[in-house]
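As a plain string of letters, each chain reads:
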Amino acid sequence: MRWSLGPILACAALLAAGCATDDRQWMKLSEKYTTADFRRDHADCSKGGKLDDGCMRGRGWVAVNPAGKSETAKDPLAREIGAPVRPRGPGN
């Protein structure tokens, strides 16, 4: 069976493009808004595939998660990885 690099490269390009998306969430604190309002402002403030934060803030939008990463809940059963704890016994 002979493999072609075309489909593999196409999948790699799609994955790379997917990683470059802006995952921030925006909201307006001072006024009501609709999804259409957000989409309009987002389109107007996007230049060359990048969102201009200053433009969004100028229109009253606030980034809810500025880092662009959604919050993940911490596992309550996970322990911190660090130096091993040695038990203290007699003679130590």
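In this text, all values refer to a predicted model and were calculated from it rather than measured experimentally.

Visitor: Tell me about a nonpolar patch on the surface, and please be specific about residues and values.
Guide: On the surface, Met27, Leu29, Tyr33, Val62 and Val64 cluster together into a nonpolar patch covering about 420 Å² of accessible area. Turning to its location among the elements, valine 62 is positioned in strand β4 (residues 61-63). The exposure class assigned to valine 62 is partly exposed, which follows from its relative accessible area of 35%.

Visitor: Give a detailed account of the packing of aromatic side chains, specifying residues and quantitative values.
Guide: Taken as a whole and judged by the stated rule, the model has two aromatic pairs. On the basis of an interplanar angle of 70° and a centroid distance of 4.7 Å, the ring pair of tyrosine 33 and tryptophan 61 is categorised as edge-to-face. On the criterion of sequence distance, the pair formed by tyrosine 33 in the loop between β1 (26-28) and α2 (35-45) and tryptophan 61 in strand β4 is long-range, its members being 28 residues apart. For tyrosine 33, a relative accessible area of 34% puts it in the partly exposed group. Ring centres 5.2 Å apart and planes at 80° place the aromatic pair phenylalanine 38 and tryptophan 61 in the edge-to-face group. On the criterion of sequence distance, the pair formed by phenylalanine 38 in helix α2 and tryptophan 61 in strand β4 is long-range, its members being 23 residues apart. Taking the relative accessible area as the measure of exposure, phenylalanine 38 reaches 23% and is therefore partly exposed. On the basis of relative accessible area, tryptophan 61 is assigned to the buried category, the value being 1%. Grouping aromatic residues by their ring pairs yields a cluster made of Tyr33, Phe38 and Trp61.

Visitor: Residues and numbers for the side chain of aspartate 41, please.
Guide: Along the chain, the position of aspartate 41 falls in helix α2. Assessed through its relative accessible area of 3%, aspartate 41 is described here as buried. Setting aside anything within four residues of it in sequence, one finds aspartate 41 in contact with Lys28, Met56, Arg59 and Trp61.

Criteria and cut-off values
- Residues numbered from 1 in each chain as written.
- Predicted model: local features only at pLDDT ≥ 70, side-chain atom pairs only at ≥ 80, totals over all residues.
- Heavy atoms only, no water.
- Patch = residues over 30% accessible without salt bridge, like charges linked within 9 Å, V, L, I, M, F, W, Y side chains within 5 Å.
- Areas by Shrake-Rupley, 256 points an atom, 1.4 Å probe, with all protein chains shown as cover.
- Salt bridge = Lys/Arg side-chain N within 4 Å of Asp/Glu carboxyl O.
- Helix = DSSP H or I, 4+ residues; strand = E, 2+ residues; numbered from the N terminus.
- Buried < 20%, exposed > 50% of the residue type's maximum accessible area, 1.4 Å probe, protein only.
- Phe/Tyr/Trp six-rings, centres within 6.5 Å; stacked < 30°, edge-to-face > 60°.
- Contact = heavy atoms within 4.5 Å.

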